[in-house]
There are 2 protein chains.
Amino acid sequence: MAKDKFAIGIDYGTESGRVVVVRVRDGQQMGAAVIPYPDGVIDEKLPGGPRLEHDWALQNPADYLLVLEKALPKALREAKVKGEEVIGIGTDFTGSTPVPVKKDGTPLCFLPEFRKNPHAWVKLWKHHAAQPEANRINEIGRERKEEFIQIYGGKYSSEWFFSKVLQVLDEAPEVYKATDKFMECADWIVWQLTGVEKRNTCSVGYKAMWVKGKGFPAKDFFRALDPRLEKVVEEKLATDYYPLGARAGGLTPYWAKQTGLKEGTPVSTGHFDAHVAVPACTVTEPGSLVMIMGTSICHMLLGAERQTVEGMCGTVEDGIVPGYWGYEAGQSAVGDIFAWFFEHGVPDYIYQEARKLKIPFAAALENRAAALKPGQSGLLALDWWNGNRSILVDVDLTGMMLGMTLATRAEEIYRALIEATAFGTRQIIEAFESKGIHVQTLVACGGLPEKNRLLMQIYADVTGREIRLAKELQTCSALGAAMHGAVAAGRAGGGYATIGEAAKQMAHIQKLSYKPRAENHAIYSQLFKEYQVLHDYFGRGANDVMKRLKALKLQQAAK
Amino acid sequence: MAKDKFAIGIDYGTESGRVVVVRVRDGQQMGAAVIPYPDGVIDEKLPGGPRLEHDWALQNPADYLLVLEKALPKALREAKVKGEEVIGIGTDFTGSTPVPVKKDGTPLCFLPEFRKNPHAWVKLWKHHAAQPEANRINEIGRERKEEFIQIYGGKYSSEWFFSKVLQVLDEAPEVYKATDKFMECADWIVWQLTGVEKRNTCSVGYKAMWVKGKGFPAKDFFRALDPRLEKVVEEKLATDYYPLGARAGGLTPYWAKQTGLKEGTPVSTGHFDAHVAVPACTVTEPGSLVMIMGTSICHMLLGAERQTVEGMCGTVEDGIVPGYWGYEAGQSAVGDIFAWFFEHGVPDYIYQEARKLKIPFAAALENRAAALKPGQSGLLALDWWNGNRSILVDVDLTGMMLGMTLATRAEEIYRALIEATAFGTRQIIEAFESKGIHVQTLVACGGLPEKNRLLMQIYADVTGREIRLAKELQTCSALGAAMHGAVAAGRAGGGYATIGEAAKQMAHIQKLSYKPRAENHAIYSQLFKEYQVLHDYFGRGANDVMKRLKALKLQQAAK
């Protein structure tokens, strides 16, 4: 029997970086290490610098390098794997998370003269201060009927690449001028590892208006945004983009020395965290919707052809798996809504019961909620506590609940919140189905499926579909990154020729699955009709009360 | 100076009876006593008898007599008032609270052969088991275009007199047959005190379809309900009804002996508790809306003429103060909604803060809520946790709240609930105003105004009207009863000729009042418009989701 080979996956999350060492023949995780970023999410004040305004969220790129330095060798040691046994490296990153750099890749925030300028730092995906810029982009994009408006479900987000670049130009023209390249950290980290700047098609397709075979919007568009932006692509970006799983280059001598890996070890092009999870959930063909379930849900689906599906975060050719159109949809708050309820809505009798039964209060709540039948609470909610990402793409929508009586109890409210998020997912599924993109089964990964069995059963009952679970629920992205590392190595290098081949061997599904119960599905279908009526009434302009209340709230809070 | 004279007010509430001894010249309360009814609200099982079904609520008339025996002498002792110094007695009662009795006034439930039959007992106002009968009454009433349908805002309630009589006939024909008279306890207690059966116009006007100058609906109507009911008025009720404040008779020798009062002391005709509070709030003319604010709110208004105002509980000539049309409207849950929230919605951090500050948790919540500006929560609610009494008259409506975000806190929800009930009151005021019945100021009594200053200020701000407070906030009904006792005595007897005269001397307003703040009123008027749109959308048939959810809930709970 040939000696085992290994691949490394490096998953750059919001709070920490995770490295896994994975056996190439079967995907078995041999070792792992997690490093929380020392500077974390910088949303109040720059390290040693000025305070930040509301809605800012930055990161320090030095923290990403620390993950390579510290976590990579640690994971290897835990796995008892030697550097020469590693055949490939893959990475994934949050996005859009752009960094302004010099020609040689040095982030501007590393330079003393820019250290105290917040615009010189990494703008994390959840930096929301570029909303005015996003509004301008959308306005001009719609006027000019730019294709990207359609690709992004009718709206370009303040979280995305050009909103953030434009904010730099608006607020810190000196930083804009000093920047040689704006790039996704997904690509920056690959450049660091290989010494070669090779940007990936996923990031640029989902966040930067790039379309395969067509490239970026025309110069006219950028000039309309700001004359100084006319040549932004040529001057500050790149024109070549490389497919997922392609070999970006080999590991540099520096990082080989730092990590104990072999110089020249193949490194895959960069990738986004949600997208890389799809093949790690065994999905490399159309028909299965992957749900990455945590504080929010990302819904990832492959399609054989391009369709305009309402409310997509993006529809990108080769954007998830080469050869297919990658559809990305999402719900902006799911676990976050339950966390909100746990903090702000749990009454004393739940805590008392939990103490009596010696279980966590969340378990007491879940037990009571699980004892209810669908429809028994009499409650119905709209799950818009953090706006609606898909299919309405509207951050100004807010939560709604109705049906409360003097007999309504906390567990009924909790269950109604879970059900509302499940209806939100069903709404997304129906948007796909209405365009003939079929969703046969669901595959879940992320933190929620492990924590909350009631939730998973409700999702199965509401959607009427079986939900299977990825084996590596919580480390799906890291596994996906490692799988891309194995593809970068190629068959000749001991890896795989395609991500489909890699998925067949390395990705696995749990035996446990949640099957829909016909009786519950029938009741939930009745409730879902009610949800849809309210969804459209509050979400499609019949009554914009939520937006007016939000505007009044801001006005009153500012007084 | 002439020696002071006193009047006695006896207030029969839901849980207890209260007796006050009041100085006639200025309404000063000299003494009081409260007796909780030993059998309380009988809603689970008859004393020594069978279990009751859901929605039943009975009382034992023996408990009412106990109030006379025990509380009346106690109040006199506390007041240091002698029996001969008392010039008149007035009473008030919950309603509709009918009792089946024999010819001599003996309640059927006092007879051994009927003791274990629930239908032989008093059906308390909140007995809700006669809904099928109420439905039949409404159906036939609407078909026949009976006037009472209009008087009662389009709907005759399951709580009211004929619904309960019809339930006896339907379910216990033997009790119906053995009953010589069905009567409101408001009249029964006066019969006990005086030995004379003299029924009052208020009870029969608000609860039993009686119209001044016209009487009851025709025999045809009752025959249509049930052939056995054709002659119900002649056989089981009475045809003569006496105005409020009239002298029903003098105290019997028996009760004079039991209580220490003089034989023949004038006793006023019976009265309802909410209605009798109006003159005790100083209101005996049109223009001031009296709000009796507690678990629910009763809104009482006098009008110079009859108008069909949407959603009234009743519009009765001479029904509150002789000479005027008495309008009664109401909100079925107000204090009850806050009590619900206190039990089911208050999170741990409020309790922690309360412990730290050594204040009750409700105070901690109120302090935080009071720090918010109108509109600042971004929340808006419909106050239908117990249905909507006025102006929609629909028990199947339920609560709604919208505007929730991940940053929404408990005190914001609490404030939104208070605001919602204030919008409910404004909706009632606007219903009056739309018919030219003006509401200049508000006068409040009941338990809520004392407990909750924030609530009172919000009501002033929302309605844009000054709210004055009755001096005797919590004992307004008992004072009103005593005032009617003084009117029954008449001028010659040391009392007053009219209730208006009595009110001028005996009823008082506090110095404290709540004045609307223009800036807040403007914001609340903006929010009220939003409330109205949702009120009509969910309440007037555009989307009957609340009713459908309630039906589904009952269906699922029954499985």
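The structure we're discussing is the one just above.
A pair of packed helices can be characterised by two numbers: the angle between their axes and the separation between those axes. All names here are of chain B. Where helix 14 (residues 361-370) meets helix 15 (residues 410-434), the closest approach of the two axes is 8 Å, and the angle between their N-to-C directions is 80°. Our classification of the angle between helix 14 and helix 15 gives roughly perpendicular. Of the residues in helix 15, those in contact with Leu365, Glu366, Arg368, Ala369 and Ala370 of helix 14 are Ala410, Glu411, Tyr414 and Arg415.

Contacts between the two partners involve 56 residues from chain A and, on the opposite side, 56 residues from chain B. Taking both partners together, chain A and chain B bury about 4,700 Å²; carbon and sulfur atoms supply 61% of that area. The set of elements that each furnish at least two residues to the side of chain A that touches chain B consists of helix 12 (335-344), helix 13 (348-357), strand 18 (399-404), helix 15 (410-434), helix 20 (518-539) and helix 21 (545-558) of chain A. Partitioning the side of chain A that touches chain B into residue classes produces 30 nonpolar, 16 polar and 10 charged. Bridge count between strand 18 of chain A and strand 18 (residues 399-404) of chain B: five bridges; the pairing is antiparallel.

Here the focus is the environment of Val283 of chain B. Note that Val283 of chain B resides in the loop between helix 11 (273-280) and strand 13 (288-293). Those residues in contact with Val283 of chain B, other than ones at most four positions away along the chain, are Val278, Ser288, Val290, Leu302, Val321 and Val443 of chain B.

The next thing to look at is the environment of Lys212 of chain A. Residue and element names in this part refer to chain A. Here Lys212 is to be found in the loop between helix 7 (201-207) and helix 8 (219-225). Using a relative accessible area of 39% as the deciding quantity, one classes Lys212 as partly exposed. Taking C-alpha positions, Lys212 is 21 Å from Val190, a pair spaced 22 residues apart along the chain. Filtering out sequence-adjacent residues up to four positions away, Lys212 remains in contact with Glu317 and Asp318. In this structure the side chain of Lys212 is engaged in a polar contact, spanning 2.7 Å, whose partner is the side chain of Asp318.

Here we come to the sheet that holds strand 14 (residues 297-303) of chain A. Residue and element names in this part refer to chain A. In space, the seven strands of this open sheet follow the order 15-16-14-13-19-20-21, with mixed pairing throughout. For this open sheet the edge positions go to strand 15 (314-317) and strand 21 (509-514), each flanked by a neighbour on one side alone. Neighbour-to-neighbour, the strand axes of this sheet turn through a mean angle of 25°, independent of strand direction. Here strand 14 runs beside strand 16 (residues 325-331); their pairing, made up of seven bridges, is antiparallel. Looking across to strand 16, one finds that Ile297 is bridged to Gln331.

Let's shift gears to the nonpolar core. Phe432 and Phe538 of chain A together with Phe432 and Phe538 of chain B are the most contacted members of the largest nonpolar core, which totals 316 residues. In contact with Phe538 of chain A, not counting residues within four places along its chain, are Leu382, Trp384, Leu397, Met400, Asn543, Asp544, Val545 and Met546 of chain A together with Leu402, Leu534 and Phe538 of chain B.

With that out of the way, let us pick up the packing of aromatic side chains. Using the criterion set out here, one finds 63 aromatic pairs over all chains in the structure. With a centroid separation of 5.9 Å and 20° between ring planes, the pair formed by Phe528 of chain A and Tyr531 of chain A is classed as stacked. In this pair, Phe528 of chain A and Tyr531 of chain A both sit in helix 20, three residues apart, roughly one turn of the helix. For Phe528 of chain A, a relative accessible area of 2% puts it in the buried group. With centroids separated by 6.5 Å and ring planes inclined at 50°, the aromatic side chains of Phe148 of chain B and Tyr152 of chain B adopt a geometry described as tilted. Each member of the pair, Phe148 of chain B together with Tyr152 of chain B, is buried. An aromatic cluster is present here, built from Phe148, Tyr152, Tyr156, Trp160, Phe161, Phe162, Trp210, Phe216, Phe221, Phe222 and Tyr241 of chain A joined pairwise through their rings. Across the ring face of Tyr349 of chain A, the terminal group of Arg409 of chain A is positioned such that the distance to the ring centre comes to 4.6 Å. Its end group placed over the ring of Tyr176 of chain B, Lys236 of chain B keeps NZ or CZ at 4.5 Å from the ring centre.

Rules used throughout
- Residues numbered from 1 in each chain as written.
- Chains lettered and ligands numbered in written order.
- Predicted model: local features only at pLDDT ≥ 70, side-chain atom pairs only at ≥ 80, totals over all residues.
- Heavy atoms only, no water.
- Axes fitted to C-alpha atoms, helices over the stretch in contact; angles between N-to-C directions.
- Helix = DSSP H or I, 4+ residues; strand = E, 2+ residues; numbered from the N terminus.
- Parallel < 35°, antiparallel > 145°, perpendicular 65-115°, else oblique.
- Contact = heavy atoms within 4.5 Å.
- Buried area = accessible area lost by both parts, 1.4 Å probe.
- Nonpolar A, V, L, I, M, F, W, Y, C, P; charged D, E, K, R; others polar.
- Pairing = 2+ DSSP bridges.
- Buried < 20%, exposed > 50% of the residue type's maximum accessible area, 1.4 Å probe, protein only.
- Polar contact = N/O pair within 3.5 Å; in protein donor to acceptor, adjacent residues only side chain to side chain.
- Core = buried A, V, L, I, M, F, W, Y, C linked by side-chain atoms within 4.5 Å.
- Phe/Tyr/Trp six-rings, centres within 6.5 Å; stacked < 30°, edge-to-face > 60°.
- Lys NZ or Arg CZ within 6 Å of the ring centre and 35° of its normal.

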